[in-house]
Amino acid sequence: MAASAALKHSDLQLLLQWRGDGAFDLSILFNAPGDTEDYQYFAPDPVTFDLTALAEHAGDATAYGAELGRMLYGQGAGTYLDRAVRLAREMPVYVRLAIDDNAPPGYQAIRWEALRDPTTGDRLCTVENIRFSRYVSNPDGTPPTPLKLRDQLSALVVVANPAGIEGHHDGLAQLTPLDVDDEVKRAKDALANMAVRVLVGEDTAEGEEPRRATANRILEAMREQETNALYLVCHGMLDDGGPVIFLENDRGNVERVDGAAFAERVRDLGQRVPTLAALVSCQSAGQDPAAGTAPEGLVESRTALTAFGPLLSRAGCSVVVAMQGNVAVDTAASFLPRFFKELDKDGIAARAMSVARAVISEVPDWYAPVLYSRLKRGSAWYLPRFGTETEGRFRALHSRIAEKGCTPIVGSGLAAEDGILPTREGLAEGWAERRQVPVVGDARADLASVARYVAVDSRERGVARAEMSQFLRHWMKTRHAAQHPGVDWQTPDLHDLIRTVGREVRQQANGEDCYSRLARLQLPVFVTSSWTSLLEDALVDAGKKPVSTHFEWYRSLPSEPPENVGFEPQRPLVYHLFGSLEKSISLVLTEDDYFTWLRAWVKQVDKGSAIPGYVKPPLTENSLLFVGFTFDDWEFRMIFQAIKSFEGRLHGESRHIGVQFEPGTLRVEPEAAQDYLESYLDADELDPYWGRSAEFLRELDETRPPDD
């Protein structure tokens, strides 16, 4: 894929594919701003890592890192590292190391974070702009957990300190009890900006069930309440079957838990899988974290929780922080609070790791923290609203509204947020279930895909529209009959039925519903993808006289424009892009409909004057404000293709586009949302508001200047 000209970062990805006999094939993928294409490098000879030579430097992180750098960046690979280091002076460089799962544990246990530049000898993983992670691929298709808004984060702290732990060995040393109170305090200090729940092995009052840190209780706690961060403090080891973690049983004694089996159970949580997991095992006093040891012992100790990390990543955790071996108490106490403090700023785990490592760079085990990531470069969560720019963004938006330089583009999701209609996804899934449509995966939540199946299966497009209308009527009666007993559910006209329910919802909301807030904006043109007249009715409630029309994609020639096209805030235009329920033939429903619609739109754009003159300026000269969309849905994609079809639309002065989406609805890789939008719009400046339409419109309403 060609690199984007708007790229604000560089990527250096290193893939080590196991060949056997201690050797790897090294592949490098590199891109940077201004490059016309990605650079690919395939090492001509296998790369070998001498574990014995590295073990000789186990007590000297400087010598260890230098030796590792020479092994990794030999031959021509150093050229790409040199360029990445130079670019890091100006921009973030995301360095992702992907190690073949088939490589023996000894190679997974290499201290990759200690890596040094073989030319200069400088450390790489303590530089803020060099954002190093061990990248975890996803061969079985398990998606990462949907990203959450930063101000709504919760954490579960688990400290497993089973009785009898002294009788167990991790392959390097005898295990010792944990100081539970200290560990809980450290965890709470680190997670200060989250709502924290604690699960520890402790005695309880007589008659109460002990709250042991068992595998079942950990999973139950995450299933019962959303957990964005799992902070697990325990001991671990590696045996022939893989990583083992030492938790508690119901009596508080040691329970050896298979790491792979536990990760599998975490994956079964689905949407409840935490976004982030921190795995901590602090050593007992007197152990030297940098002390050398035999390679076998080194492997077994260091890969206990670090081997568990990738398993949690593949289970769906977007970010996993683990410790290589038993990290010193003081090291963890300094590193973890700083990591979470930095993470709270922008959610970028790789940057937070580099900064936090730099803070502990003078201690012997500074390299111990490891980042496993499913994210190529993005955030572990989103800043809510407009992030740190919220006040300024709303102020600028109100200025554009006051100058009539803003055009709202209203999606069908607004009716769902007001509780009047289902979401497009909900409509698709309910319809597919009721009709037993044999589509699976994301297609089952894609209304255009479900409708296309029905249309093809019935050999008549009109049947799909009729069935969809019948299901909508059924859904509305099921949802609203109890709350709105005065509604005549036998009303033959679905369009009128929706208007009736909408009117009652607005009355009960007392002007605080989405449509009422939107209707109070003093703007002359509203563009909508909705099939309903809910927006027009809200405008009437606001004392306005809207004019409604739609794009006639189904006609070879457009109809005459409405009389008196001089629209103004008291007489606004509502332009329906995808038809209206008042005219069934106008509905854009199936995938085929969308393609036909887009061809008709582009054809009329090419004619120059065929797109109504009263519609084109609001779409080409104003800032566009999107509410009520899921951006990977057909609605949004077609609308933007239509806008981009106007020559020069995205290269004028109106480059600040307010976009509102709900992150949890994204079907693409969530962390790529910002990059996706910027590349999709071909725009350098995009202001996404992360939250729900109702939240956005409420805040827009409440921040309106007094004289508006």
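Above this text is the structure in question.
Predicted model only: the values in this text are computed from it and were never measured. (Residues numbered from 1 in each chain as written. Predicted model: local features only at pLDDT ≥ 70, side-chain atom pairs only at ≥ 80, totals over all residues. Heavy atoms only, no water.)

Draft legend 1. Structural context of the overall build of the protein. Within the protein, the regular secondary structure consists of 23 helices and 22 strands. Taken over 708 residues, the protein has a buried fraction of 57%. Relative to all contacts within the protein whose residues are 6 or more apart in sequence, the contacts with residues 24 or more apart total 74%. Here the protein has roughly 29500 Å² of accessible surface; of this, 46% comes from carbon and sulfur atoms. (Helix = DSSP H or I, 4+ residues; strand = E, 2+ residues; numbered from the N terminus. Buried < 20%, exposed > 50% of the residue type's maximum accessible area, 1.4 Å probe, protein only. Contact = heavy atoms within 4.5 Å. Areas by Shrake-Rupley, 256 points an atom, 1.4 Å probe, with all protein chains shown as cover.)

Draft legend 2. Structural detail: the pairing of strand β6 (residues 130-135). With six of six residues buried, β6 lies mostly within the body of the structure. Across the two faces of β6 the burial is the same, with Ile130, Phe132 and Arg134 and Arg131, Ser133 and Tyr135 all buried. Relative to β6, strand β5 (residues 93-99) is paired through five bridges, and the arrangement is parallel. Paired with arginine 96 across the two strands is serine 133, which belongs to β6. (Pairing = 2+ DSSP bridges.)

Draft legend 3. Focus on the sheet that holds strand β10 (residues 235-239). Taken in spatial order, the three strands line up as β10-β11-β12 in an open sheet, and their pairing is antiparallel. The open sheet terminates on both sides in strands that have one partner only, identified here as β10 and β12 (254-258). The sheet shows a mean angle of 35° between the axes of neighbouring strands, taken without regard to direction. Pairing of strand β11 (residues 242-248) with β12, which is carried by five bridges, proceeds in the antiparallel orientation. Along β12, the bridge assignment pairs leucine 247 with glutamate 255. Across the sheet, helix α7 (residues 259-267) touches β11 and β12, and the angle it forms with β12 is around 75°. (Axes fitted to C-alpha atoms, helices over the stretch in contact; angles between N-to-C directions.)

Draft legend 4. Seen up close, the side chain of serine 623. Assignment of secondary structure puts serine 623 in strand β20 (residues 623-627). Within polar-contact distance, the side chain of serine 623 engages the side chain of arginine 400 at 3.3 Å. (Polar contact = N/O pair within 3.5 Å; in protein donor to acceptor, adjacent residues only side chain to side chain.)

Draft legend 5. Spatial organisation of the pairing of β20. Burial of β20 is extensive: five of the five residues sit out of reach of the surface. Along β20, one buried face is formed by Ser623, Leu625 and Val627 and the opposite face, lined by Leu624 and Phe626, is buried too. Inspection of the sheet shows strand β16 (residues 406-410) paired to β20 by five bridges, in the parallel sense. The partner of valine 410 across the bridge, within β20, is valine 627.

Draft legend 6. Region of interest: the packing of helix α13 (residues 424-435) against helix α15 (residues 461-480). Interhelical geometry of α13 versus α15 gives an angle of 100° and a closest axis separation of 10 Å. With respect to their mutual orientation, α13 and α15 come out roughly perpendicular. Where α13 approaches α15, its residues Leu427, Gly430, Trp431, Arg434 and Arg435 are matched on the opposing element by Ala464, Glu467, Met468, Phe471, Leu472 and His474. Looking at the contact of α13 with α15 residue by residue, the classes come out as six nonpolar, two polar and three charged. (Parallel < 35°, antiparallel > 145°, perpendicular 65-115°, else oblique. Nonpolar A, V, L, I, M, F, W, Y, C, P; charged D, E, K, R; others polar.)

Draft legend 7. Structural context of the packing of aromatic side chains. Summed over all chains, the structure comprises 23 aromatic pairs. Ring centres of phenylalanine 551 and tryptophan 601 lie 5.0 Å apart, and the angle between their planes is 70°; on these two criteria the pair is classed as edge-to-face. Of the two residues, phenylalanine 551 sits in the loop between β18 (547-550) and β19 (573-576) while tryptophan 601 sits in helix α19 (residues 591-606), which places them 50 residues apart along the sequence. Assigned by exposure class, phenylalanine 551 and tryptophan 601 land together as buried. With a centroid separation of 6.1 Å and 65° between ring planes, the pair formed by phenylalanine 629 and phenylalanine 636 is classed as edge-to-face. (Phe/Tyr/Trp six-rings, centres within 6.5 Å; stacked < 30°, edge-to-face > 60°.)

Draft legend 8. Fine view of the environment of threonine 331. Structurally, the position occupied by threonine 331 is in helix α9 (residues 329-346). Sequence spacing of threonine 331 and aspartate 365 is 34 residues, and the spatial spacing of their C-alpha atoms is 7.4 Å. Contact partners of threonine 331, with chain neighbours within four places excluded, come to Ile360, Val363 and Asp365.

Draft legend 9. Structural detail: the packing of helix α14 (residues 447-458) against α15. Two elements in contact, α14 and α15, have axes separated by 7 Å at closest approach and are oriented at 130°. Relative to α15, α14 is oriented oblique. When the axes of α14 and α15 are compared, the crossing they make is right-handed. Here Ala451, Val454, Ala455 and Ser458 of α14 lie close against α15, whose contacting residues are Arg461, Val463, Ala464 and Glu467. Of the residues that constitute the contact of α14 with α15, the class distribution is five nonpolar, one polar and two charged. (Left-handed = near helix turned anticlockwise from the far one by under 90°.)

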